[in-house]
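# Architecture and fold: a report
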Amino acid sequence: VNAVGERVFDLTAEAGTTEFTPGVVTETWGYNRSYLGPTIVARRGENVRINVNNDLDVATTVHWHGANLPAEMDGGPHQMVEPGAEWSPNFEIDQPASTLWYHPHPEGDTEHQVEMGLAGVFIVQDDEEAALNLPRSYGVDDIPVVVQDRRFDENGQFVTDVRGYIGPIGDQLLVNGTLAPYLDVTSEVVRLRLLNGSTSRVYDFGLSDGRSFDLIGTDGGLLEEAAPMDGIRLSPGERAEVLVELVPGETVNLQSNPPDLGISASAATRNAGDDTLDVLELRAADTLSSIGETASTLASIEPLDQADATVDRSFTLNGYTINNRLMDMTRIDETIEAGATEVWTVDNAMPLPHNFHVHGVQFQMLRVGTEPPPVELAGWKDTIYLEPGVRYELIMQFAEYTDPDFPYMFHCHMLSHEDAGMMGQFVVV
Ligand code: C2O
Ligand code: CU
Ligand code: CU
C-alpha cells in the first residue's frame with residue numbers, strides 16, 4: 001500500500017525461456033517470470049495501482065478482463081505500452097468477489113502475445129465471500145487452474161497449428177504453465193478457479209469418474225447457490241469456480257471431454273470438438289482436513305429488469321466481422337449512456353464456433369434461444385460461447401465511468417478472430 005492508500009502491484013512483461021519438459025528449452029514470455037504472471041489478489045473497495053513495465057521488444061498492453069473500471073484504465077488496444085515504457089493504471093475495485101484475469105490486447109497481435117505466455121489470474125475478494133466458509137487458502141484448497149493448449153515443434157518451440165475455422169489448436173495442455181500436472185489435495189473439498197486461457201479451444205471440464213462437482217461461480221462472481229454439475233463448457237476467456245469433494249487416498253482426474261459446440265459433427269472434428277484431454281490429476285492425501293459446512297446462500301444476484309432497458313442493440317457475428325464491420329481503431333461503433341441498462345442480442349450467423357466478450361461490465365442472460373439461461377449462464381458473465389442458430393439476449397447496466405475519448409471493446413475471444421477484426425468499440429458518455 002502506497003502513501004495515497006493504493007495497493008500497488010508491479011508487472012513486468014519480459015521474454016525468457018521455460019523448460020516445460022526438463023532439458024527442452026522453450027522461448028516464452030511472462031510477467032515477472034518466464035511464463036504467465038503472478039496472481040493479483042485485491043479486495044472490493046480497495047484502490048489498486050498496477051505498474052506495468054514492458055521489457056519486451058514489441059509494444060503490448062495489459063487488459064483487466066472482467067473488471068469494471070474507467071475505459072482509460074482498461075488496457076485495451078488504445079493503452080499501448082511501448083518497449084521500455086511504463087503504464088500505471090489505477091482504479092477502484094468495485095465489483096463482487098470473482099475470478100478475473102489479465103492478458104495483452106494489442107490490436108492485431110493478441111493471439112501471439114497470449115500464446116507466448118502473457119496472462120495471469122486476478123482474484124477479487126469481498127467481505128460477503130469471506131464469510132461463507134468457502135475454501136480460500138490460496139494454493140492449498142483454493143487453486144487457480146489456467147488451461148492452455150499448445151503445440152511444440154521438434155526444437156521445443158511453440159508452433160501455431162490452425163485447425164479449422166476456430167484457430168490455433170494445441171495438442172498438449174499446460175495448466176498453470178505445467179505439462180501433465182497433479183495437485184496434492186489435503187482437504188476434503190478443493191476449490192478450482194478454472195480459466196480457459198487458451199487462444200481458441202473450447203473445453204468441457206468434468207471429472208474422470210463422472211462424479212459431479214459443485215459450480216459456485218461464473219465469470220463475474222458467485223452464483224446464488226452451488227449447483228451440482230457433471231461438466232461445464234468454457235470457451236476462451238470464460239471462468240468457472242467449482243468445488244470438488246475427495247475421499248482420502250483417492251486419485252481423480254479433472255479432464256476435458258469433447259465439448260458440444262453446437263455445430264455439425266464434421267465441423268466439430270475440424271474445430272477441436274472431438275478431443276478428450278487430461279487437465280489436472282487430483283491426488284487426495286490419506287487424511288483430509290475439513291473446514292465444515294459452507295453457507296448455502298453464496299450471493300444474492302439482483303436480476304436486471306428488461307423493463308428498465310432503454311436501448312436494444314443487436315450484434316451479428318459473421319466471417320470475421322460484427323454487424324458486417326471489421327475492427328477500426330478510429331471508429332466508435334456504439335455510444336452508451338452512463339448508468340444505462342441495455343439489452344444486447346447476439347447471433348452467430350455461421351455454422352462454426354464464435355464467442356462474445358464485453359469489456360467494462362458484467363451482464364446477465366435474459367434468454368438463450370427462447371429459454372431462460374441454464375444455471376452456468378444464470379450468474380454474472382462477461383464472455384459466452386455462441387452456438388450457431390441460437391439467439392443470446394444479454395442485459396447489462398453500464399457503470400458511471402464516462403469518457404468520450406477512450407472506448408471499451410466487444411469482441412469474439414477466439415483470439416485469431418479478434419486479431420482478424422472481429423471486434424468493435426463503444427464509448428460510455
Ligand atoms: Cu479477455 Cu478484450 O479481452
Ligand atoms: Cu476483456
Ligand atoms: Cu470468433
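Residues numbered from 1 in each chain as written. Chains lettered and ligands numbered in written order. Predicted model: local features only at pLDDT ≥ 70, side-chain atom pairs only at ≥ 80, totals over all residues.

As annotated in an unreviewed UniProt entry, the protein is Copper oxidase from Cryobacterium levicorallinum. Recorded in UniProt for the protein, the comment headed Sequence similarities (unreviewed entry) runs: "Belongs to the multicopper oxidase family." (UniProt positions renumbered as here; feature names shortened; annotations may be inferred.)

Another aspect to go through is the confidence of the model for the protein. In this model, the protein carries a mean pLDDT of 98, and residues with pLDDT of at least 70 account for 100%. This prediction of the complex comes with two scores: 0.98 for pTM and 0.99 for ipTM. (pLDDT = per-residue confidence, 0-100.)

Taken in spatial order, the 7 strands line up as β14-β13-β10-β16-β21-β18-β19 in an open sheet, and their pairing is mixed. Each end of this open sheet is capped by a strand with a single partner; those strands are β14 (178–179) and β19 (221–229). (Pairing = 2+ DSSP bridges. Helix = DSSP H or I, 4+ residues; strand = E, 2+ residues; numbered from the N terminus.)

With that settled, consider the environment of Gly249. You can see Gly249 is positioned in the loop between β21 (239–245) and β22 (251–256). With 11 C-beta atoms counted inside 10 Å, the residue Gly249 sits in the exposed group. Expressed as a C-alpha distance, the spacing of Gly249 and Thr383, which sit 134 residues apart in the sequence, is 37 Å. With sequence-adjacent residues up to four places away left out, Gly249 is seen in contact with Ala284 and Asp286. (Buried ≥ 20, exposed ≤ 12 C-beta atoms within 10 Å, placed from the backbone. Contact = placed C-beta atoms within 7 Å.)

Where burial is concerned, the two faces of β22 differ: the one with Val252, Leu254 and Ser256 is buried and the one with Thr251, Asn253 and Gln255 is not. Across 3 bridges, strand β17 (residues 203–207) lies against β22 in antiparallel orientation. Opposite Leu207, over in β22, you have Leu254 as the bridge partner. As defined by bridge partners, β22 adjoins strand β23 (residues 277–289) across 6 bridges and the pair is classed as antiparallel. Bridge pairing in β23 links Thr251 to Arg283.

Turning our attention to the nonpolar core. Within the largest apolar cluster, 106 residues are counted, with the highest numbers of intra-cluster contacts made by Val145, Val147, Leu194 and Leu282. In terms of residue count, the dominant contributor to this core is strand β16 (residues 189–196) (5 residues). If near-sequence neighbours (up to four positions away) are discounted, Leu194 is found in contact with Val145, Val147, Phe205, Leu234, Arg239, Ala240 and Val242. (Core = buried A, V, L, I, M, F, W, Y, C linked by C-beta atoms within 7 Å.)

By the assigned domains, the protein splits into domain 1 (6–130), domain 2 (142–289) and domain 3 (306–428). Taken over C-alpha atoms, the centre of domain 2 sits 25 Å from the centre of domain 3. Contact residues are listed per partner, giving 28 residues for domain 2 and 23 residues for domain 3. Of all elements in the fold, only β12 (167–168), β18 (213–218), β19 and β20 (232–234) reach the threshold of two or more residues within the side of domain 2 that touches domain 3. The biggest single contributor to the side of domain 2 that touches domain 3 is β19, with 4 residues. Per-class residue counts for the side of domain 2 that touches domain 3 are 13 nonpolar, 12 polar and 3 charged. (Domains from an automatic or database assignment. Nonpolar A, V, L, I, M, F, W, Y, C, P; charged D, E, K, R; others polar.)

Quick look at the environment of Ile216 now. As for its position among the elements, Ile216 is in strand β18. A residue is classified by how many C-beta atoms lie within 10 Å of it, and Ile216, with 24 of them, is buried. The spatial distance from the C-alpha of Ile216 to the C-alpha of Glu376 is 9.2 Å, given a sequence separation of 160 residues. With near-sequence residues (within four places) excluded, Ile216 lies in contact with Leu222, Leu223, Ala226, Glu241, Val242, Leu243 and Leu298.

Under the feature "domain: Plastocyanin-like" (unreviewed entry), the UniProt entry names residues 15–128 and 316–429. With 8% helix and 41% strand, residues 15–128 has end C-alpha atoms that lie 39 Å from one another. What you have in residues 316–429 is 5% helix and 42% strand, and the ends, taken at the C-alpha atoms, are 24 Å apart.

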